[in-house]
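# Observations on the three-dimensional arrangement
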Amino acid sequence: MDYTLITGACGGLGKEFCRQLIKSDDLFLTGRSEKLLLLKEELQRIEPNRKIEIFEADLTNEEDRKKLFDYADENGIKFSGYIGVAGADIQKEFLKYTPEKVVFQIRLNFEANVAVCHAVLKRRAANLKILSVSSMSGSTPMPYFAIYSATKSALINFYTSLRFEVKDAKITVLAPGGIPTREDVKRDIEIQGWTGKLSAKPAEFVVKKALKGLEKNKRLVIPGFFNKFVYGLEKIVPMPVKCSFVAKKWKNKEKDAF
């Protein structure tokens, strides 16, 4: 039995991946929420004949990850796809973090993503496709968003490297701007003014671009012309200028919804 594994399935972006992929793939969904059952019911109304597995897990917990893949092994499940959506966009001055939150964000954004990818590769089916969700914030260092930008940058570097090790799989990284799926994200977009509005794209648009890029085995997908322009601009703007601009923009903004 071949499934596409989607982490962070109950979040706004994760749900949109589920809604689009259920038309073609059997899905294995994981998250930390009881909403998984409701999501399964919604997806089965869309495609009644598709197989859907759900498994509630905290992916920052190594034992939970082991249980998830033990369940897959016990049920003869292989993976033809992995969509790594789970992440935490905590935003604040680094010294205001608790030690626990430092570890949590690093583990969820990077360690869990990579560990799940490793487990999927060990249980791969033919024609494996991997897509990891990074961020435009991973394209440059970002003061007051330092752990988030660092972990999202690490994902880009890791999966770019993996493309040269696992050449018979399609491997793509998605680097979107703002996606207005939660109220806190909508406020972030508003705070950024015109740049936030130009960068933001609906989840449906982002997922369509991501899956299209994955089919073409693109290394990096950046949805939206403005975001592509910013990505190119960041390559030529001096680092002190970029960091000063970001620090001024985000110094007085804090967010910790996790």
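Residues numbered from 1 in each chain as written. Predicted model: local features only at pLDDT ≥ 70, side-chain atom pairs only at ≥ 80, totals over all residues. Heavy atoms only, no water.

### Quick look at the pattern of salt bridges
The criterion, for reference: The salt bridge definition used is simple: a Lys or Arg side-chain nitrogen within 4 Å of an Asp or Glu carboxyl oxygen. Going along the chain from the N terminus, every DSSP run of H or I of four or more residues is numbered as a helix, and every run of E of two or more is numbered as a strand. The rule is simple: take the accessible area with a 1.4 Å probe, protein chains only, and divide by the maximum for that residue type; under 20% is buried, over 50% is exposed, in between is partly exposed.
For the structure shown, the criterion picks out 16 salt bridges. Glu16 is the salt-bridge partner of Arg19, the closest N and O atoms lying 4.0 Å from each other. With a gap of 3 residues between them, Arg19 and Glu16 both fall in helix α1 (residues 12-21), about one helical turn apart. A salt bridge links Glu42 to Arg19, with the nearest nitrogen and oxygen atoms 2.7 Å apart. Of the two residues, Glu42 sits in helix α2 (residues 35-46) while Arg19 sits in helix α1, which places them 23 residues apart along the sequence. Classification of Arg19 by relative accessible area gives partly exposed; the value is 30%. Where salt bridges share partners, they join Glu16, Arg19 and Glu42 into one cluster.

### Structural notes on the packing of α1 against α2
Just so we agree on the cut-off: Each axis is a line fitted through C-alpha atoms, and for a helix only the stretch in contact is used; angles between axes span 0 to 180 degrees, taken between their N-to-C directions. Oblique is the label for any angle not covered by the other classes, which are roughly parallel (under 35 degrees), roughly antiparallel (over 145) and roughly perpendicular (65 to 115). It is the rotation of the near helix from the far one that decides the hand of a crossing: anticlockwise by less than a right angle makes it left-handed, clockwise makes it right-handed. Only heavy atoms matter for contacts: two residues are in contact if any of them lie within 4.5 Å across the pair. For this scheme, ten residues count as nonpolar: Ala, Val, Leu, Ile, Met, Phe, Trp, Tyr, Cys and Pro. Four count as charged, namely Asp, Glu, Lys and Arg, and the remainder, Gly too, count as polar.
Between α1 and α2, the shortest axis-to-axis distance is 10 Å and the interhelical angle comes to 25°. By the criterion of interaxial angle, the relationship of α1 to α2 is roughly parallel. Crossing of α1 against α2: the hand is right-handed. Only Leu39, Glu42, Leu43 and Ile46 of α2 make contact with α1, whose side of the interface consists of Lys15, Cys18 and Arg19. For the contact of α1 with α2, the class distribution of residues is 4 nonpolar, no polar and 3 charged.

### Some remarks on a positive patch on the surface
Keep this limit in mind: Distance thresholds for patches are 9 Å for like charges and 5 Å for nonpolar side chains (Val, Leu, Ile, Met, Phe, Trp, Tyr), applied to residues having over 30% relative accessible area and no salt bridge. Per-residue and other accessible areas were derived by the Shrake-Rupley procedure at a 1.4 Å probe size, with only the shown protein chains allowed to occlude residues. For the purpose of counting charges, residues Lys and Arg are taken to be positive, whereas Asp and Glu are taken to be negative. His and the chain ends are not included. Charge positions come from single atoms, namely NZ of Lys, CZ of Arg, CG of Asp or CD of Glu.
Taken together, Lys209, Lys212, Lys216, Lys218 and Lys228 make up a surface patch of like positive charges. Tracing the sequence through the fold places Lys228 in helix α9 (residues 225-234).

### Overview of the packing of α1 against helix α8 (residues 203-215)
Angle between the axes and distance between the axes are the two parameters that describe a pair of packed helices. Running from N to C, α1 and α8 point in directions that differ by 60°, and their axes come no closer than 9 Å. Judged by the angle between their axes, α1 and α8 are oblique. For the element pair α1 and α8, the recorded crossing hand is right-handed. Contacts between α1 and α8 involve Gly12, Leu13, Glu16, Phe17, Gln20 and Leu21 on the former and, on the latter, Ala203, Glu204, Val206, Val207, Lys208, Ala210 and Leu211. Grouping the constituent residues of the contact of α1 with α8 by class yields 8 nonpolar, 2 polar and 3 charged.

### Topic: α8
This is how it is decided: To estimate how far a helix should reach, multiply one less than its number of residues by 1.5 Å. The directions from the helix axis to the C-beta atoms are what the arc is built from.
Between the first and last C-alpha of α8 there are 18 Å, a value that for 13 residues agrees with the 18 Å anticipated at 1.5 Å per step. Buried within α8 are the following residues: Ala203, Val206, Val207, Ala210, Leu211, Gly213 and Leu214. Take α8 and look down its axis: the buried residues cluster within an arc of 160°, on one side only. Tucked into the core, α8 has its buried residues touching α1, β4 (78-84), β5 (124-133), β6 (170-174) and β7 (220-221). Backbone geometry just after α8 places Asn217 at a positive phi near 60°.

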